[in-house]
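Fold and contact review
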Amino acid sequence: MTTAQLTRSEARHPDGLATLFMVELWERFSYYGMRALLVLFMVAPVASGGLGFGTAEAALLYGNYTMAVYLLSIPGGYTADHLLGARRSVMMGGLVIACGHFAMAVPNDASFYVGLVLIALGTGLFKPNISAMVGGLYPPGDARRDAGFSIFYMGINIGGLAAPFVTGFLAQSAIFKSWLVAWGFDPVHSWHWGFAAAGVGMTLSIGLFYLRLAQFGSVGGPPSQPSLSVRSAITVVGGSGGLLAALLASDQPGLEWLRYVVVAIPVIAIALFARREDLEQRRMAAVFVFFIAAMIFWAAFEQAGLSIALFADQLTNNHVLGFHVPSAWYQSLNPMFVILLAPLFAVVWSRLGQRQPSTPVKFVLGLFFLSLSFLLMVPAAQATLSGRVSPLWLVGLFLLQTIGELFLSPVGLSAMTKLAPARMVGIILGIWFLAAAFGNKLAGLLGAGFASGDAGTLSSFFLSLFGLTAATALGLVALTPWLKRLMGDVR
Ligand code: PHE
């Protein structure tokens, strides 16, 4: 085979990748399409069809919901490995998610909560297992695997880019509201048309997956012998259920101390593993150092759907060239920058080869760019004193945050797979999702401090997010030499 032929056949990806790309694209369309409206819907007055929540109440619910989504991927991954197989888990998870979105399409308080619970349960079953199927398309050691995941990440972000345009238009634009009036519907319920659109996206996702199931051969099939042991099932389901219950209970007065489990778990794990002689075990200490850094990263980053969404809605001048921009549209800036910048990052990493910075350094850079994005918001908060501010502040914020995301998120995922002993990759990925879950819970707690009415409080709000992320970056700089020793030959 000539080199040219070899490159061409190496570059070709398994057919299943295109299917998983489209299926995940539509699932993320539904997830981010709904998330773009969630907080705005909760704080909208009842007279405008919203729930009339205060900011703090909406922030806690946002944190609890997004925490549950990622935390449930631990029992979700476990169920697929030991009982259902990835394919059936993706299918069932997808159906549950679609039911959740359609429940939210009904303008009724009870169906709103039922919808959130269904989406969280379904995503727990769907998200980790579709990612596992991407990995399953490639034999071990296949050089195309990383590229396969990068392509898959593009699908995620195309879904995330398109969704807010559709759901924001339906929920927020005057044009669609006037159509509703013309068709004889109540325009106050426009939110629920947005939620229904998310459900349509999810339905497309499952339909595509079902039509192409035959493509996957044995990939994601059920385990050869169902290996569910009652003891391990109780540990996994009970453990994650208990953790979820504890963190939900921690919102109750008197039980706030339960929140500290998010720090206690990784700190205890680091203390236990770092003292071991065995390299595999010492690497687990490194995993939990990255866990803390990633948790803080997500706590600030996930403000996008919360305090930043409120800033876009309440404090940004959304009249551009005589057109009123639905505030949910700003949610598309992050996925747009990912699509623009991810190829650049890929080229730079492959050009630098062995000379590229180590994982700890990339994490520091990720946190650093994230901290800059909040520093940028301090003068923006000051500027709100004289009315609504330019949308360019948010463009700058999302640009800096996306650079941070690309330094940390894909790099972290790949570091986890390298630090994990082969037989434990699944569990370690679950731990990576747990860091995102804890981060989202913290995002809710931090976002409760957002106050749009007062420029002073708002500046301190952004300044404290800057301080938290910058301090974490500095802490990681200090720990880097030790962290490198823990990691052994993994960079
Ligand atoms: N945009 C990413 C996604 O939706 C965000 C994410 C990263 C979520 C890591 C969970 C864990 O997939």
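Residues numbered from 1 in each chain as written. Predicted model: local features only at pLDDT ≥ 70, side-chain atom pairs only at ≥ 80, totals over all residues. Heavy atoms only, no water.

**Description of the overall build of the chain**
Convention followed: Put simply, DSSP H or I for four residues or longer makes a helix, DSSP E for two residues or longer makes a strand, and each gets a number counted from the N terminus. As a reference, a globule follows 2.2 Å times the number of residues to the power 0.38, and the radius of gyration itself is taken over C-alpha atoms. Here's how the labels work: a residue is buried when its accessible area is under 20% of the maximum for its type, exposed when over 50%, partly exposed in between, all with a 1.4 Å probe on protein chains only.
Per the secondary structure count, the chain includes 18 helices and 2 strands. In terms of C-alpha radius of gyration, the chain reaches 22 Å, essentially the compact-globule figure of 23 Å for 491 residues. Counting only C-alpha atoms and orienting by the principal axes, one finds that the chain spans roughly 60 × 55 × 50 Å. Per-residue burial for the chain yields a buried fraction of 53% across its 491 residues.

**Section: a nonpolar patch on the surface**
Our working definition: Candidate patch residues must exceed 30% relative accessible area and have no salt bridge, after which like charges are joined if within 9 Å and Val, Leu, Ile, Met, Phe, Trp or Tyr side chains if within 5 Å. Values of accessible area rely on a 1.4 Å probe in the Shrake-Rupley scheme; residue burial ignores everything except the protein chains shown. A carboxyl oxygen of Asp or Glu within 4 Å of a side-chain nitrogen of Lys or Arg is what we treat as a salt bridge.
Together, I175, W179, W183, F185, W193 and F323 give the surface a local cluster of nonpolar side chains, amounting to about 620 Å² of exposed area. Mapped onto the elements of the fold, W183 is located in helix 8 (residues 174–183).

**Considering the layout of surface pockets**
To be explicit about the condition: For cavity detection a 1 Å grid was placed over the protein atoms alone, and a set of points counts as a cavity when a 1.4 Å probe fits there but cannot get out; an open set counts as a pocket when protein lies on both sides within 12 Å along at least five of seven lines, with lining residues being those that have an atom within 4 Å of a point. Grid points are joined across faces, edges and corners, and a volume is the space filled by probe spheres set on the points. Gly is placed with the polar residues, together with every amino acid not listed as nonpolar (Ala, Val, Leu, Ile, Met, Phe, Trp, Tyr, Cys and Pro) or charged (Asp, Glu, Lys and Arg). Just so you know, the domain bounds were taken from an automatic or database domain assignment.
Roughly 300 Å³ of volume is contained in the second largest pocket. Lining the second largest pocket are 20 residues, and of these A44, Q172, K177, W191 and D313 sit closest to its centre. For the lining of the second largest pocket, the secondary-structure elements that each account for two or more residues are helix 2 (16–43), helix 7 (145–172), helix 9 (190–211) and helix 13 (307–314). Considered class by class, the residues forming the lining of the second largest pocket number 10 nonpolar, 7 polar and 3 charged. Counting contributing residues, the lining of the second largest pocket receives three or more from each of domain 1 (15–216) and domain 2 (241–491).

**Digging into the packing of helix 13 against helix 16 (residues 392–419)**
Heads up, the rule is: Where helices are involved, their axes are fitted lines through C-alpha atoms of the stretch in contact, as for all axes, and angles between N-to-C directions lie from 0 to 180°. Every angle not falling under 35 degrees, over 145, or within 65 to 115 is termed oblique; those three ranges are roughly parallel, roughly antiparallel and roughly perpendicular. Two helices cross in a left-handed way if the nearer one is turned anticlockwise from the farther one by less than a right angle. They cross in a right-handed way if the turn is clockwise. Throughout, a residue-residue contact means that at least one pair of heavy atoms, one from each residue, lies within 4.5 Å.
Relative orientation of the contacting elements helix 13 and helix 16 amounts to 160 degrees, with a least axis distance of 11 Å. Relative to helix 16, the element helix 13 lies roughly antiparallel. Read as a crossing pair, helix 13 and helix 16 show a hand that is left-handed. Between helix 13 and helix 16, the contacting residues are I308, F311 and A312 on the first element and L394, L397 and F398 on the second.

**Some remarks on the packing of helix 2 against helix 6 (residues 109–136)**
Interhelical geometry of helix 2 versus helix 6 gives an angle of 150 degrees and a closest axis separation of 11 Å. The pairing of helix 2 with helix 6 is recorded here as roughly antiparallel in orientation. Taken as a pair, helix 2 and helix 6 cross one another with a handedness that is left-handed. Touching L17, L20, V23, E24, E27, R28, M34, L38, F41 and M42 of helix 2 are F112, L116, I119, T123, F126, K127, I130, M133 and V134, all from helix 6. For the contact of helix 2 with helix 6, the class distribution of residues is 14 nonpolar, 1 polar and 4 charged.

**Side note on helix 12 (residues 279–301)**
This is how the line gets drawn: Helix span, as expected, comes to 1.5 Å for every residue beyond the first.
For helix 12, which comprises 23 residues, the first-to-last C-alpha distance of 32 Å matches the rise-based estimate of 33 Å (1.5 Å per residue) to within 8%. Counted residue by residue, helix 12 has 18 buried out of 23 residues, so it is predominantly covered.

**Here's the deal with the confidence of the model for the chain**
The criterion, for reference: Note on scores: pLDDT gives the predictor's confidence for each residue, bounded by 0 and 100.
Mean pLDDT over the chain: 92, with 97% of residues reaching 70 or higher. Per-residue pLDDT stays below 50 along residues 1–6; that stretch engages in 2 contacts with residues further than four places along the chain or on separate chains.

**Topic: the nonpolar core**
Stated precisely, the cut-off is as follows: Among the buried residues, those of types Ala, Val, Leu, Ile, Met, Phe, Trp, Tyr and Cys that are joined through side-chain atoms within 4.5 Å form a nonpolar core.
Ranked by size, the top nonpolar core spans 136 residues in total, and within it L20, M34, M42, F112, F311 and F462 carry the most contacts. Counting residues per element, this core draws most heavily on helix 12, at 16 residues. Each of domain 1 (15–216) and domain 2 (241–491) accounts for three or more of the residues forming this core. With sequence-adjacent residues up to four places away left out, M34 is seen in contact with Y65, H101, M104, L116, I119, F195 and A198.

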